[in-house]
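# Coordinates in review
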Amino acid sequence: MKFKTIIEPFRIKTVEPIRRTSFSERQHALLAAGNNLFLLHAEDVLIDLLTDSGTGAMSSAQWAGMMRGDESYAGARSFYRFEAVVQRITGFKHVIPTHQGRAAERILFGEAVNRGQIVPNNTHFDTTRANVENQHAEARDIPVAEGLQPALIAPFKGNIDLAALETILREEGDRVPLVMITVTNNSGGGQPVSMANIRATSELCRRYGKPFFIDACRFAENAWFIKMREAGYADKTPLEIAQEMFSYADGCTMSAKKDGMSNIGGFLALNDDALAQRCTNLLILTEGYPTYGGLAGYDLEAIAVGLEEALHEDYLQYRTRSVAYLGEKITAGGVPIMQPPGGHAIYIDAKAMLPHIPQHEYPAWALSLVLYLAGGIRSVEIGSVMFGLQPDGSEKPAVMELVRLAFPRRVYTQSHVDYLAEVLLYVNSIKTHIRGVKIVEQPPTLRHFTARLEPAHGALLVGLDSAEFE
Ligand SMILES: *Cc1c(COP(=O)(O)O)cnc(C)c1O
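What counts and how
- Residues numbered from 1 in each chain as written.
- Predicted model: local features only at pLDDT ≥ 70, side-chain atom pairs only at ≥ 80, totals over all residues.
- Heavy atoms only, no water.
- Near = heavy atom within 4 Å.
- Polar contact = N/O pair within 3.5 Å; in protein donor to acceptor, adjacent residues only side chain to side chain.
- Areas by Shrake-Rupley, 256 points an atom, 1.4 Å probe, with all protein chains shown as cover.
- Nonpolar A, V, L, I, M, F, W, Y, C, P; charged D, E, K, R; others polar.
- Domains from an automatic or database assignment.
- Contact = heavy atoms within 4.5 Å.
- Salt bridge = Lys/Arg side-chain N within 4 Å of Asp/Glu carboxyl O.
- Helix = DSSP H or I, 4+ residues; strand = E, 2+ residues; numbered from the N terminus.

## Section: the site of the ligand
Around the ligand, the structure places 15 residues, and the nearest of them are Arg102, Asp215, Arg218, Ser255 and Lys258. Arg218 places a side-chain nitrogen or oxygen 2.8 Å from an oxygen atom of the ligand. Within the side chain of Ser255, an N or O atom sits 2.6 Å from an oxygen atom of the ligand. Contact with the protein chains covers 98% of the free accessible surface of the ligand, which is 370 Å². Here the shell around the ligand is built from residues that sort into 2 nonpolar, 7 polar and 6 charged.

## Thoughts on the domain arrangement of the chain
For the chain, the assigned domains read domain 1 (23-52 + 312-469) and domain 2 (60-309). Measuring from the centre of the C-alpha atoms in domain 1 to the corresponding centre in domain 2 gives 27 Å. Residue-level contacts link 31 residues of domain 1 with 35 residues of domain 2. For the interface between domain 1 and domain 2, the tally reads 6 salt bridges. Residue Glu313 pairs with Lys227 through a salt bridge whose shortest N-O separation is 3.7 Å. Within the residue set of the side of domain 1 that touches domain 2, elements represented by two or more residues are helix H12 (313-332), strand E9 (345-349), helix H15 (384-387) and strand E12 (402-406). Per-element tally for the side of domain 1 that touches domain 2: the top contributor is H12, with 6 residues. Its residues assigned to classes, the side of domain 1 that touches domain 2 shows 16 nonpolar, 8 polar and 7 charged.

## Some thoughts on unusual backbone geometry
Here the amide bond leading from Val183 into Thr184 is cis, since omega sits at -20 degrees, within 30 degrees of zero. Among the structural elements, Thr184 can be located in the loop between strand E5 (179-182) and helix H7 (195-207). Each neighbour pair has its own omega, and for Gln339 with Pro340 the value is -15 degrees, a cis peptide bond. Mapping Pro340 onto the fold places it in the loop between H12 and E9. Not every positive phi belongs to a glycine, and Asn35 is a case in point at roughly 55 degrees. Residue position: Asn35 is located in the loop between helix H1 (23-32) and strand E1 (47-48).

So, in structure tokens, the structure goes:
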């Protein structure tokens, strides 16, 4: 290619206005939301990087697919189209649609995981952890050590620790019902998992007779990183790489709100006939009939098209480049981030950026609030508010205090990213004025979604004139 600029590989057919707010409007909004960005009205957010889940823009082909949706209760054409695409990519025999990823988790763990058991995973996503714990089992994270060093640059920091996995299988194997790998490793910084690591995990699982499942939410992004970074894959297509990844596993759970490029949906896919039968029975009880699983026929069409679009090379190049571009700009300005940038998000290392805020005052949460106050940006804390509350009610600080800026798919353009960089660099310049927060109200599980917080020292920002922000 003669020209090097990586462009957004789409043109815009429908636009949705976003609204600027004043500093005092944002202050009021934050107060009303109990200093919890989840409780904001989305209208009060300028650039919404809370999550890349279900927030993407659908393509004209997906919208056209929706018009073709077959809403028959049983045996709809849309289901067979969906099933065929999932089978072509994953190779799994049974495809069970669900309304989103966590429903696939709940159904799988509901049938396969029992009280007192252990599920090893490179790093459990929050709903995955909660669904394991809901079975009174232990969700055990065993990421490789380099995955826990935010500043370290390495190609596959999402890998599972194979030695730790083997120790668990050897010493506590009778309590392990299945092993999981999350690709890419969302809670571990959106870092990819190598094919070699997936293959070796599969071999260990075979040796110890354990089923191996992939949490496949970002399988296409993971395939792209394998293509870019792992020897022997440069000439393979993302589809071929994805097919090989899945070939090593016995099944997967999937949120179609991520690399399904859809606003809703998910699935559980697996090979084991008997387990699939039990999961299907539970699906009928709680989600719906097996050919729609809690989705409309048109959703199944949107997912079928989206799964294929997520594997287009132009798209994957643009997506990973947008994230890396923001990462490079703010790294150059001195903002510490999880390196190298992952596929769907930038993770700011709040522990490194705000060393003056102790972990029990939730530095990453405080930083996320300041990003909103300063620039109307909504991010999410992945730290001790999200993970600190233990099942027994005690508090244990998280390993890392991260602020995640997740990119919705095909939604924002380069000028949005330039604006983000400007705000982030500004906040970095006033970081010594930021103070910590405390929790004043919380539910017993998944507390980050609904907890209410207050500044721990009277104000979030001290020693700054609010005129700064207007
Ligand atoms: C989003 C996500 C889930 C859960 O999917 P939902 O569709 O939000 O229920 C599970 N695992 C990972 C890695 C995810 O990113």
